[in-house]
Amino acid sequence: MRLNKILKNTFIVLLACFVLSACATSKKSTGQMQGDVYTGTDTIEYLASGVPDRVFFATNESVLTTASRETLRKQAAWLRKNSDITVVLEGHADERGTREYNLALGERRANAAKDYLMTYGISSNRISVLSYGKERPVDSGSNPLAWSKNRRSVTVKAN
Amino acid sequence: MRNLIILLLISIIPTNAFALIEVDITRGNLNPLPIAVSPLSIDDESKKSFKKTLNKKDIGSEISKVIEKNLKISGLFNPLDKNAFLQAPDIAHLKPRFEDWNLIKAQALITGKVKNVDDKLRVEFRLWDVLAGKEMMAIAFTTVPNNWRRVGHIITDKVYERLTGEKGYFDTRIIYVAEEGPKIKRIKKLAIMDQDGANNKFLTLGNELVLTPRFNPTSQMVTYLSYFKNLPRVYLLDIETGIQEVVGDFPGMTFAPRFSPDGKKIIMSFAKDGNSDIYTMNLENRIVEKITNHPSIDTSPSYSPDGKFICFNSDRSGYQQIYVMKSDGSNVKRISFGNGLYGTPVWSPRGDLIAFTKLHKGKFYIGVMRTDGSGERLLTENFYQEAPSWSPNGRVLIFYRETKTDDKGEGFSAKLWSIDLTGYNERLVDTPTDASDPSWSSLLSN
């Protein structure tokens, strides 16, 4: 996450010069191809200034909040401008649920984000969905703040 | 595994004379039965040859250690200190001096003998009722020397069965997920070990995330979830050959797999467009059937032992609850109505109970209820625990427990635990690394 921030700040500076070549610049990051599958960690945040890469959910919920919808509208706007980009929506749950149910919940959350992007004109064949359940928290804390950060759908660049 | 062991039951002589000792396993046992496990005697020549092949100084006493540990872990027996034994093992095996064993308060006695016969390990053992002064059982069998730990497990199973009236669970294995690394980037591998933690082996390298392995009824195959190529799918693994294959051709995530009781089908969830439903795939003809059809999350399916019913987890009421239906998907009935959320239902091999995980007021419980939802009983409470799996005799549950991290987000661990159906005898199950998602095999020598 900290690296994210640093990269993002660097990016804002660079952005002025490289608005049109943003995609090329992002190749510096850690993403790589393994076989035919992208295993990178680039998120939309790397690519578009001022557009958060993730939305958050309430406990056991997959309903998008007002803030989440605004985030997704910005992502959609950016994706419309960068029509060669495809994305994976990675859905996650916090650690306070059984593993199998959380896998389903992560899938439901990512699909909620996908549906919203689609209503803003992003074609479904540019969006795939991947649930990690509770397997990939961003915050290892065992407290309500950490759990709220972990209940998320992250828009990750897929190509 | 099955082929490896040549089980030659020469004689089974249960003496049913009069009130011999019995162990009641239906209640918490606060007075475990004092039992003496005399080291299995061995002649010098056999000792020498086994020392060469197995690198164990005295294989007879090693086997008796396996038996002692099993008996202790069961919580039903109290193996007595060997230093107090007065009678030499070889003589005790022929004819115990019951006064001597009575003196150290042993109520039951196990004696035995090991011998090298044509480079095979021949073992015979007897179970004695010390108070009645009678032999309760005598069994002999022959196997390959490498199976010496299993010899100890088989003896324990026979003794357990003779004294409790129910099948044992000692000659079994556990498949689980071995975990390493920081919580935000856990590395997970499939691992398998004997029920007592011996012979641990990793089955995958940790290159991709793997979850929820479960044995088939013969314990030769495992079904599990793998994130190979970032595509979470249900896989099948043959433990002997190491061959893995993806189950079915689903255009999305499949998860929560289990075998049907006849081993012919895999039942699992398939998630698509934000909706998870339960499907089966027949492994012989590859026919896929959709079992549930509901816009809610339907997952964690588990068959009844007769294959006629399925219990599963659904949030169709708004929250996670446990449901039971016929195996064709008809007659869906909610059975959990207590306070809180219910998950991971798993049908007991005896058919009468369903074990589950319950979340209530920030605490996680492992519990059991009857198959109509009545008689809910919570066995253990903790910060986080889930995923119970039954011992093959339906008397013990194994599950995993995670610790709370500290203010810095450190101190995370995941471990396997077991508890008796009675709610007593809660124990940490030793694993070389952190561990989760345990699944208990069937009895291997059945």
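Here the structure is a predicted model, which means the values were calculated and not measured. (Residues numbered from 1 in each chain as written. Chains lettered and ligands numbered in written order. Predicted model: local features only at pLDDT ≥ 70, side-chain atom pairs only at ≥ 80, totals over all residues.)

Student: Outline the sheet that holds strand β5 (residues 127-133) of chain A, supporting the account with residue identities and numerical values.
Tutor: All names here are of chain A. On the basis of which strands lie adjacent, the open sheet formed by four strands has the order β3-β6-β4-β5 and mixed pairing. Looking at the sheet topology across the chains shown, the edges are occupied by β3 (54-56) and β5. If you compare each strand with its neighbour and ignore which way they point, the axes differ by 20° on average. Most of the contacts of helix α5 (residues 99-119) go to β5, to which it runs at about 155°, and overall it touches β3, β4 (87-92), β5 and β6 (152-157). (Pairing = 2+ DSSP bridges. Helix = DSSP H or I, 4+ residues; strand = E, 2+ residues; numbered from the N terminus. Axes fitted to C-alpha atoms, helices over the stretch in contact; angles between N-to-C directions. Contact = placed C-beta atoms within 7 Å.)

Student: How would you summarise the domain arrangement of chain B if you had to cite specific residues and measurements?
Tutor: All names here are of chain B. For chain B, the assigned domains are domain 1 (2-164) and domain 2 (173-245 + 311-440). When each unit is reduced to the centre of its C-alpha atoms, the spacing between domain 1 and domain 2 is 33 Å. The interface of domain 1 with domain 2 comprises nine residues on the first partner and 10 residues on the second. When residues of the side of domain 1 that touches domain 2 are assigned to their parent elements, the largest contribution, three residues, is made by helix α2 (residues 59-74). (Domains from an automatic or database assignment.)

Student: Describe the environment of Pro145 of chain B, naming the residues involved and giving the relevant values.
Tutor: Residue and element names in this part refer to chain B. Structurally, Pro145 is set in the loop between β6 (134-143) and α5 (148-164). Judged by the 17 C-beta atoms lying within 10 Å of it, Pro145 is partly exposed. Sequence spacing of Pro145 and Thr254 is 109 residues, and the spatial spacing of their C-alpha atoms is 42 Å. Setting aside anything within four residues of it in sequence, one finds Pro145 in contact with Phe50, Thr53, Leu54 and Leu121. (Buried ≥ 20, exposed ≤ 12 C-beta atoms within 10 Å, placed from the backbone.)

Student: So what's going on with α5 of chain B? Residues and values would help.
Tutor: The end-to-end C-alpha separation of α5 of chain B is 24 Å, in line with the 24 Å expected for 17 residues at 1.5 Å each. After α5 of chain B finishes, the residue Gly165 of chain B shows a positive phi value of roughly 80°. (Expected span 1.5 Å × (residues − 1).)

Student: Kindly report on the packing of α2 of chain B against α5 of chain B, identifying the contributing residues and their values.
Tutor: All names here are of chain B. At a minimum axis separation of 8 Å, α2 and α5 run at an interaxial angle of 45°. Comparing their axes, α5 and α2 come out oblique. Here the hand of the crossing between α2 and α5 comes out right-handed. Along the contact surface, α2 presents Ile59, Glu62, Ile63, Val66, Ile67, Asn70, Leu71 and Ser74, while α5 presents Trp148, Arg149, Val151, Gly152, His153, Ile155, Thr156 and Tyr160. Here the residues of the contact of α2 with α5 are counted per class, giving nine nonpolar, five polar and two charged. (Parallel < 35°, antiparallel > 145°, perpendicular 65-115°, else oblique. Left-handed = near helix turned anticlockwise from the far one by under 90°. Nonpolar A, V, L, I, M, F, W, Y, C, P; charged D, E, K, R; others polar.)

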